[in-house]
Amino acid sequence: MNNSQQRDDLRSRARGTDRSLARRAELIAIGRKLFSDTSYDALSMDDIARHAHVAKGLIYYYFKSKRGYYLAIVEDSVASLVTLAAGSLELPPVERVHRTVDSYLRYAEHNQAAYRTIVSGGVGFDAQVQAIREGVREAIVTTIAEGAYGRREIAPLARMGLLGWVCSVEGATLDWIDRPVLSRDTMRELLVKTLGGTLRAIEELEPSYVAPAPARRDA
């Protein structure tokens, strides 16, 4: 095979890879809509294939199983949330916290089935779901630590305090999407204020971790 043929072969493979990635992304987008408010058990692979207008074998080809498909959807769904939590460094700390909490609540509100899977583990125990949940938690702990203390690496007590707040947010958010009697704005302000209490408690037990001015009662 000469150089020209090799280049053509490489371009052909690249186009095939691009088409494959696009098809996989399309199937994930369809799955996100299907599972946005429908539980894992409520949809069979036949249902999914019918809604996606594809052969069931194509879904197996890309994702191996129904569980693999669902996990790919969950991972894709939370990617934007984790990216947002780890980003927005250009924003003032208070605005960054508000944006992160609001985005978290917005995600839970519009992706209820996926959110329940992330927080409660879905159908049985799954190490991948557990890893996704831990990734979301760590991303939020990191963004709060950067906003409050100006650094990602923090002492065990400070990390445990922030992690405890994140876990309480998960429980409150689960209840909120089940019984949405409060607006998202009210929920966001409530969670931000409870974060202020957490930061003050951390400072009381670990004085070197001074709570930022917005979290102080004397501010």
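Please refer to the structure higher up on the page.
Attention in this report is confined to the structure presented alongside it.

Reading the values: rules and limits
- Residues numbered from 1 in each chain as written.
- Predicted model: local features only at pLDDT ≥ 70, side-chain atom pairs only at ≥ 80, totals over all residues.
- Heavy atoms only, no water.
- Salt bridge = Lys/Arg side-chain N within 4 Å of Asp/Glu carboxyl O.
- Helix = DSSP H or I, 4+ residues; strand = E, 2+ residues; numbered from the N terminus.
- Buried < 20%, exposed > 50% of the residue type's maximum accessible area, 1.4 Å probe, protein only.
- Axes fitted to C-alpha atoms, helices over the stretch in contact; angles between N-to-C directions.
- Parallel < 35°, antiparallel > 145°, perpendicular 65-115°, else oblique.
- Contact = heavy atoms within 4.5 Å.
- Nonpolar A, V, L, I, M, F, W, Y, C, P; charged D, E, K, R; others polar.
- Left-handed = near helix turned anticlockwise from the far one by under 90°.

1. Remarks on the pattern of salt bridges
On inspection of all chains with the given rule, the structure shows 13 salt bridges. Here E170 makes a salt bridge to R137, at a shortest N to O gap of 2.8 Å. Here E170 is found in helix α8 (residues 156–178), whereas its partner R137 is found in helix α7 (residues 127–149), with 33 residues between them in sequence. We note that E170, like R137, is buried.

2. Observations regarding the packing of helix α5 (residues 93–110) against helix α6 (residues 112–120)
In the contact formed by α5 and α6, the axes pass within 5 Å of each other and the chain directions differ by 115 degrees. Taken together, the axes of α5 and α6 are roughly perpendicular relative to one another. Listed contacts from α6 to Y104, Y107, A108, E109 and H110 of α5 are Q112, A114, Y115 and I118. Split by residue class, the contact of α5 with α6 holds six nonpolar, two polar and one charged.

3. Concerning the packing of α5 against α7
Axes are the key here: two packed helices are described by the angle between their axes and the distance separating the axes. Where α5 contacts α7, the axes come no closer than 9 Å and their chain directions differ by 160 degrees. With respect to α7, the axis of α5 lies roughly antiparallel. Seen from above, α5 lies across α7 with left-handed handedness. Every residue of α7 that contacts α5 at P93, R96, V97, T100 and Y104 is listed here: V136, I140, T143, I144, E146 and G147.

Keep in mind these numbers describe shape, not what the thing actually does.
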